[in-house]
Amino acid sequence: MTSSPAALRSRDNDHVWHPFTPMSAYRDEGAPIIERGEGFHLIDVEGRRYLDGISSLWCNVHGHRVPEIDAAVRDQLDRVAHTTLLGLSSPPSIDLAARLVQTAPEGLNRVFYSDSGSTAVEAALKIVYQYHQQKRSNPQHRDLFATVGGAYHGDTIGSVSVGSIDLFHRTYGKLLFSTVSVPSPTALRYPEGFTSETFVRHCFDEVERVVAENHQRLAAFVIEPLVQGASGILVHPPGYLKHVREVTARYDVPLIADEVAVGFGRTGTMFACEQEDVRPDIMCLAKGITGGYLPLAATLVTDAIYEAFLAEPAEGKTFFHGHTYTGNPLACAAALASLDLFEQNDVLANVRRNEQILAECLAPLQDHPHVAEVRQKGLMVGIELVADRETLEPFPAERRTGHRVTLAARRRETIVRPLGDVAVLMPAPAMPGDLVRRLCVTISEAINDAVRY
Ligand SMILES: *Cc1c(COP(=O)(O)O)cnc(C)c1O
């Protein structure tokens with residue numbers, strides 16, 4: 001087959017169905033076809049060089065083509081590309097499990113591997129559901145999950161059930177199991193009769209009320225710690241995560257921390273839970289786990305949960321769940337090399353520097369006539385664009401204002417991807433400060449382009 005850019009584009013349009021992408025519009029846009037990466041840049045088949053402003057969808061950590069990670073994957077490739085974890089083991093999966101346990105909040109001693117954030121959450125839900133039936137003292141049938149409004153936990157049916165982004169989820173309503181939810185404690189928009197302060201207070205109280213009312217049925221409380229990513233980079237007020245942990249612990253409800261987006265340095269610490277000194281019962285990891293190299297995920301659980309699955313094989317208490325490529329050795333080797341680089345390069349210190357740079361460079365946008373709010377935690381930034389910043393009236397959906405930002409940034413050799421009309425910046429944790437500055441300048445110019453009629 002020929003691989004001229006035009007031929008590739010035409011085959012792309014003929015055969016590839018892109019995820020989360022309205023294909024009718026995509027076909028006409030001539031999106032970059034990325035051929036190579038180099039550090040924090042992506043280079044397309046026409047030789048154009050783009051700054052990767054969203055860490056290749058929130059997962060890249062140290063840049064692309066990192067010599068140490070490349071070498072680790074090659075070295076594993078010289079041994080074996082894939083062997084199963086179903087009843088067998090492999091050195092990289094063993095070493096990585098031990099490293100993750102060492103790095104994670106205390107008490108999470110057991111690692112169950114899968115391949116994506118969705119499957120990490122899916123496994124967590126099934127594990128905790130089965131755990132209650134099999135726990136030694138007082139086995140129970142708990143069938144209800146508590147969630148936070150606007151949550152996103154992935155796209156498989158279980159992980160969609162615990163999410164609530166209307167646009168993504170309403171179509172599948174009848175396929176989903178039911179949940180109870182508490183309102184997201186974010187105060188840009190609040191119901192009548194509240195102020196932003198009283199609404200946040202109300203959200204804290206709702207955690208107590210919903211858990212108290214349902215605790216005997218609650219299999220777990222599922223949360224994105226500190227930041228709700230996919231619903232528009234919603235940053236929780238300080239103390240909220242700790243409050244949720246305190247209430248769930250008091251009512252004996254397990255806490256599932258979905259650190260798929262916030263884990264691996266994104267918010268300034270290795271894991272977001274550390275910032276409020278929270279120890280979840282289950283923690284889900286994916287996106288940044290391999291430095292953004294290969295599909296891998298992990299669901300970490302406490303000994304107490306793990307031990308409920310220990311019994312004579314014939315008793316049937318095994319966790320009957322697992323995917324073919326679970327714990328793939330190439331992916332685990334990449335993950336180990338990535339964890340080494342976190343230490344060698346003090347990536348977390350770089351995150352804290354870049355956090356400051358983002359805050360300073362984006363400050364002028366706070367007063368922009370079409371910006372409702374600039375939200376930031378660590379290296380996660382959401383800039384909400386509205387038609388009117390006083391009334392918070394949104395732009396008409398058909399205008400695709402957020403998407404216009406993407407197209408305007410692309411003309412400036414930068415890759416970004418919005419969440420609706422929220423422009424998103426998600427620079428890689430190891431990105432040098434001067435590139436972060438450039439990213440801020442580009443996004444500001446792209447926003448000006450995009451809001452102009
Ligand atoms: C991206 C994301 C997921 C889903 O991960 P995939 O690898 O895309 O399946 C789950 N939870 C959160 C918080 C995420 O941001």
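No experiment lies behind these values; they were computed from the predicted model shown. Every chain's residues receive numbers from 1 upward, in the order its sequence appears when written. Given that the model is predicted, a residue must reach a pLDDT of at least 70 before its local features are reported, and side-chain atom pairs must reach 80 or more before they are shown or counted; all residues, however, enter totals for whole chains, interfaces and linings. Excluded from the side-chain calculation are hydrogens and water; included are all heavy atoms of the structure.

**Brief notes about the pattern of salt bridges**
Alright, step 1. A pair is scored as a salt bridge if a Lys or Arg side-chain nitrogen falls within 4 Å of a carboxyl oxygen belonging to Asp or Glu. A complete count under the given rule lists 26 salt bridges for this structure.
Alright, step 2. R36 is paired through a salt bridge with E38; the nearest N and O atoms lie 3.6 Å apart.
Alright, step 3. E246 is the partner of R250 in a salt bridge, and the nearest nitrogen-oxygen pair spans 2.8 Å. Taken together, the residues span about one helical turn, with R250 and E246 both in helix α10 (residues 240-250) at a distance of four residues.
Alright, step 4. For R250, a relative accessible area of 43% puts it in the partly exposed group.
Alright, step 5. When salt bridges with common partners are traced through the structure, they connect R411, R412, E445, D449 and R452 into a single cluster. Only runs of H or I of at least four residues qualify as helices and only runs of E of at least two qualify as strands under DSSP, and these elements are numbered from the N terminus. Buried, partly exposed and exposed residues are distinguished by accessible area as a fraction of the type maximum, computed with a 1.4 Å probe on protein chains only: under 20%, between the cut-offs, and over 50%, respectively.

**Describing the sheet that holds strand β12 (residues 297-302)**
Alright, step 1. The strand order across the open sheet built from seven strands is β4-β12-β11-β10-β7-β5-β6, with neighbouring strands paired in mixed fashion. The open sheet terminates on both sides in strands that have one partner only, identified here as β4 (108-114) and β6 (179-182). Sheet twist, expressed as the average angle between the axes of neighbouring strands with direction ignored, equals 20 degrees.
Alright, step 2. In the sheet, strand β10 (residues 255-258) pairs with strand β11 (residues 282-285) via three bridges, with the strands oriented parallel. The partner of A257 across the bridge, within β11, is M283.
Alright, step 3. We call two residues in contact when some of their heavy atoms are within 4.5 Å. Axis definition: a line fitted to C-alpha atoms, limited for helices to the stretch in contact. Angles are taken between N-to-C directions and run from 0 to 180 degrees. Each of β5 (144-148), β6, β7 (218-223) and β10 touches α10; the most contacted strand, β7, lies at about 170 degrees to it. Any two strands with at least two DSSP bridges between them are considered paired.

**Re the sheet that holds strand β3 (residues 49-52)**
Alright, step 1. The strand order β1-β2-β3-β15 describes an open sheet built from four strands, whose pairing is mixed. Both outer strands of the open sheet, β1 (34-38) and β15 (414-415), are each paired with one neighbouring strand and no more.
Alright, step 2. By the bridge criterion, three bridges tie strand β2 (residues 41-44) to β3 in an arrangement that is antiparallel. Among the inter-strand pairings, I43 is bridged to a residue of β3, identified as R49.

**Quick look at the domain arrangement of the protein**
Alright, step 1. Domain delimitation in this document rests on an assignment produced automatically or drawn from a domain database. Domain parsing of the protein yields domain 1 (32-62 + 346-451) and domain 2 (70-344).
Alright, step 2. Inter-centroid distance (C-alpha atoms) of domain 1 to domain 2 is 26 Å.
Alright, step 3. At the junction of the two partners, domain 1 supplies 32 residues and domain 2 supplies 29 residues.
Alright, step 4. By definition, the buried area sums, over both parts, the 1.4 Å-probe accessible area that each loses when the two are put together. Carbon and sulfur atoms make up 64% of the surface buried where domain 1 meets domain 2, a total of about 2400 Å² over both sides.
Alright, step 5. For domain 1, the biggest contributors to the area lost against domain 2 are W58, K377 and M380; these three give 25% of the whole.
Alright, step 6. Scanning the region where domain 1 abuts domain 2 turns up one salt bridge.
Alright, step 7. Counted as a polar contact is a pair of N or O atoms within 3.5 Å, where, for protein atoms, one must be capable of donating a hydrogen and the other of accepting one, and residues adjacent in sequence contribute only when both atoms are in side chains. Scanning the region where domain 1 abuts domain 2 turns up 15 residue pairs in polar contact (both at pLDDT 80 or more).
Alright, step 8. When contributions to the side of domain 1 that touches domain 2 are tallied by element, the ones reaching two or more residues are α3 (55-58), α13 (347-362), β13 (371-377), β14 (380-385) and β16 (422-425).
Alright, step 9. If one sorts the elements of the side of domain 1 that touches domain 2 by residue count, β13 sits on top with five residues.

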